[in-house]
Amino acid sequence: MRQRSGSWGYGMSRLSSKGWFNNLMNIHFRRVWFRAVAFTFMWWMLTEGSVNSWLVGTPVVLIATLISMVLVPPFSCSVVGSVRFVPFFIWHSLRGGADVAWRAFHPKMPIAPDLVDFPLRLPPGMSRVFMVNTVSLLPGTLSVELGANSLKVHVLDTRKNVLSELMTLETIVARMFDISLQDAKGDE
Amino acid sequence: MTPIDLLSSALLIAGGVFFLAGTLGLLRFPDVYTRLHALTKADNVGLGLVVAGLAVQVQNWFTVGKLLLIWVLVMLASASISHLIARRALLRGIKPWKR
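- Going by an unreviewed UniProt entry, chain B carries the name Monovalent cation/H(+) antiporter subunit G and comes from Shewanella canadensis.

## Side note on the overall build of chain B
Inference 1: In terms of regular secondary structure, chain B is built from three helices and zero strands.
Inference 2: Secondary structure elements of chain B, listed N to C terminal, follow the sequence α-α-α.
Inference 3: When the 99 residues of chain B are sorted by exposure, 40% land in the buried category.
Inference 4: Taking as baseline every contact in chain B between residues at least 6 positions apart, the subset at least 24 positions apart corresponds to 70%.
Inference 5: With an accessible surface of roughly 5,500 Å², chain B has 73% of that area assigned to carbon and sulfur atoms.

## Focus: the layout of surface pockets
With a probe scaled to a water molecule rolled over the atoms, the places where space remains empty come into view.
Inference 1: Of the pockets and cavities examined, the largest pocket occupies roughly 2,200 Å³.
Inference 2: Lining the largest pocket are 41 residues, with Phe34(A), Phe75(A), Phe130(A), Met176(A) and Val72(B) positioned closest to its centre.
Inference 3: Ranked by residue count, the leading element in the lining of the largest pocket is helix H3 (residues 61-91) of chain B, at 10 residues.
Inference 4: By residue class, the composition of the lining of the largest pocket is 28 nonpolar, eight polar and five charged.

## What to know about the sheet that holds strand S3 (residues 150-155) of chain A
Inference 1: Read across the sheet, three strands follow the order S1-S3-S2 (chain A) without closing on themselves; strand pairing throughout is antiparallel. What marks the edges here is a single partner per strand, and that holds for strand S1 (114-119) and strand S2 (141-146) of chain A. Between one strand axis and the next, the sheet turns through 30° on average, direction left out of account.
Inference 2: Strands S1, S2 and S3 of chain A of the sheet are contacted by helix H5 (residues 126-135) of chain A, whose axis makes an angle of about 140° with S2(A).
Inference 3: Where H3(B) meets the sheet, it contacts S1, S2 and S3 of chain A, and its direction lies at approximately 60° from that of S2(A).

## Quick word on the UniProt feature "transmembrane region" (unreviewed entry) in chain B
All names here are of chain B.
Inference 1: According to UniProt, the feature "transmembrane region" (unreviewed entry) maps to residues 6-30 and 68-90 in the numbering used here.
Inference 2: The span residues 6-30 is 92% helical and 0% strand by assignment, and the distance between its end C-alpha atoms comes to 38 Å.
Inference 3: The distance from the first to the last C-alpha atom of residues 68-90 is 33 Å, and the span holds 100% helix and 0% strand.

## With respect to the environment of Ala64(A)
Inference 1: Structurally, Ala64(A) is set in helix H3 (residues 54-71).
Inference 2: The spatial distance from the C-alpha of Ala64(A) to the C-alpha of Phe39(A) is 7.3 Å, given a sequence separation of 25 residues.

## Topic: the interface of chain A and chain B
Inference 1: If you look at the interface, chain A gives 43 residues, while chain B gives 40 residues.
Inference 2: Here chain A packs against chain B, burying approximately 3,500 Å² in sum over the two surfaces, 72% of which is carbon and sulfur.
Inference 3: Across the contact surface, chain A and chain B share three salt bridges.
Inference 4: A salt bridge links Lys98(B) to Asp114(A); its shortest N-O distance comes to 3.4 Å.
Inference 5: There are 12 residue pairs in polar contact (both at pLDDT 80 or more) connecting chain A and chain B.
Inference 6: For the side of chain A that touches chain B, the element with the most residues is helix H4 (residues 79-105) of chain A, which contributes 11 residues.
Inference 7: Partitioning the side of chain A that touches chain B into residue classes produces 26 nonpolar, 11 polar and six charged.

## Quick notes on the pattern of salt bridges
Two side chains of opposite charge can pair, provided their charged atoms sit close to one another.
All names here are of chain A.
Inference 1: Here the structure, examined in full by the defined rule, presents nine salt bridges over all chains.
Inference 2: One salt bridge connects Asp99 with Lys160, and the closest N-O pair in it is separated by 3.8 Å. On the criterion of sequence distance, the pair formed by Asp99 in helix H4 and Lys160 in the loop between S3 and helix H6 (162-176) is long-range, its members being 61 residues apart.
Inference 3: The class of Asp99 is buried, set by a relative accessible area of 14%.

## Focus: a nonpolar patch on the surface
Residue and element names in this part refer to chain A.
Inference 1: Nonpolar side chains collect at one region of the surface, where Ile63, Ile67, Val70 and Leu71 lie side by side and expose about 440 Å² of accessible area between them.
Inference 2: In this fold, Val70 is placed in helix H3.
Inference 3: Judged by its relative accessible area of 69%, Val70 falls in the exposed class.

Scoring rules and cut-offs
- Residues numbered from 1 in each chain as written.
- Chains lettered and ligands numbered in written order.
- Predicted model: local features only at pLDDT ≥ 70, side-chain atom pairs only at ≥ 80, totals over all residues.
- Heavy atoms only, no water.
- Helix = DSSP H or I, 4+ residues; strand = E, 2+ residues; numbered from the N terminus.
- Buried < 20%, exposed > 50% of the residue type's maximum accessible area, 1.4 Å probe, protein only.
- Contact = heavy atoms within 4.5 Å.
- Areas by Shrake-Rupley, 256 points an atom, 1.4 Å probe, with all protein chains shown as cover.
- 1 Å grid on protein atoms, 1.4 Å probe; cavity = no way out; pocket = protein on both sides within 12 Å on 5 of 7 lines; lining within 4 Å.
- Points joined across faces, edges and corners; volume = space filled by probe spheres on them.
- Nonpolar A, V, L, I, M, F, W, Y, C, P; charged D, E, K, R; others polar.
- Pairing = 2+ DSSP bridges.
- Axes fitted to C-alpha atoms, helices over the stretch in contact; angles between N-to-C directions.
- UniProt positions renumbered as here; feature names shortened; annotations may be inferred.
- Buried area = accessible area lost by both parts, 1.4 Å probe.
- Salt bridge = Lys/Arg side-chain N within 4 Å of Asp/Glu carboxyl O.
- Polar contact = N/O pair within 3.5 Å; in protein donor to acceptor, adjacent residues only side chain to side chain.
- Patch = residues over 30% accessible without salt bridge, like charges linked within 9 Å, V, L, I, M, F, W, Y side chains within 5 Å.

Here it is as structure tokens:
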């Protein structure tokens, strides 16, 4: 609950005290629009720009937008942060693939796995889910369980310093979701 | 063979090597967690390279978009499913293998 009040407080601080209701509605509508445009683009791509397909496409886009708003509540997301994330992700997932491939091909199979607890600084919500999924694709780490304030990570080689890499990832994810990181609380 | 064909075959072969590594890891690694490492990461890169190898050959931007969409969706599915399998394994009390 403490976490939740924190993120609510954060949301409020972005709104000016005057006309906050209008601001809230604007932010909300901007997100609905953003998703509708994204689904429209996807439909356009899948049907290769066929004009006739919009007879089906228009209701599909509308329904997809509605369902996505219900299933995934709106979250803030920074465009600059997201663009920065892409090269970081591609480079590190390449490294991750090469690393695990090398270990699989190596005759002696150099692995020293263990579970590691990583205290999370990200607030609960979309950014954490995103972090959990990204951790599994980066070098030598696999997210096992998301606790209240920490993430249990399976590490393929404990001789490497994965914690600092996870912290770098966390910072980049935070920038992507427009979040300022608090101090880690851990689960203890 | 045009340079495009050459680049495309290099990317496809590299992708195949990563898929081979992922399968080898699945067979050689000692427990469920380490096997998930091999599958998620090596296959993600393998599929990425295969998608890139096909994307340089196609004439049409729509197809490039579709290929990228396939890669993103497979990545999303493999990351979330590997997390779910690992979580279930831990909850069932499967201890990670240690050297």
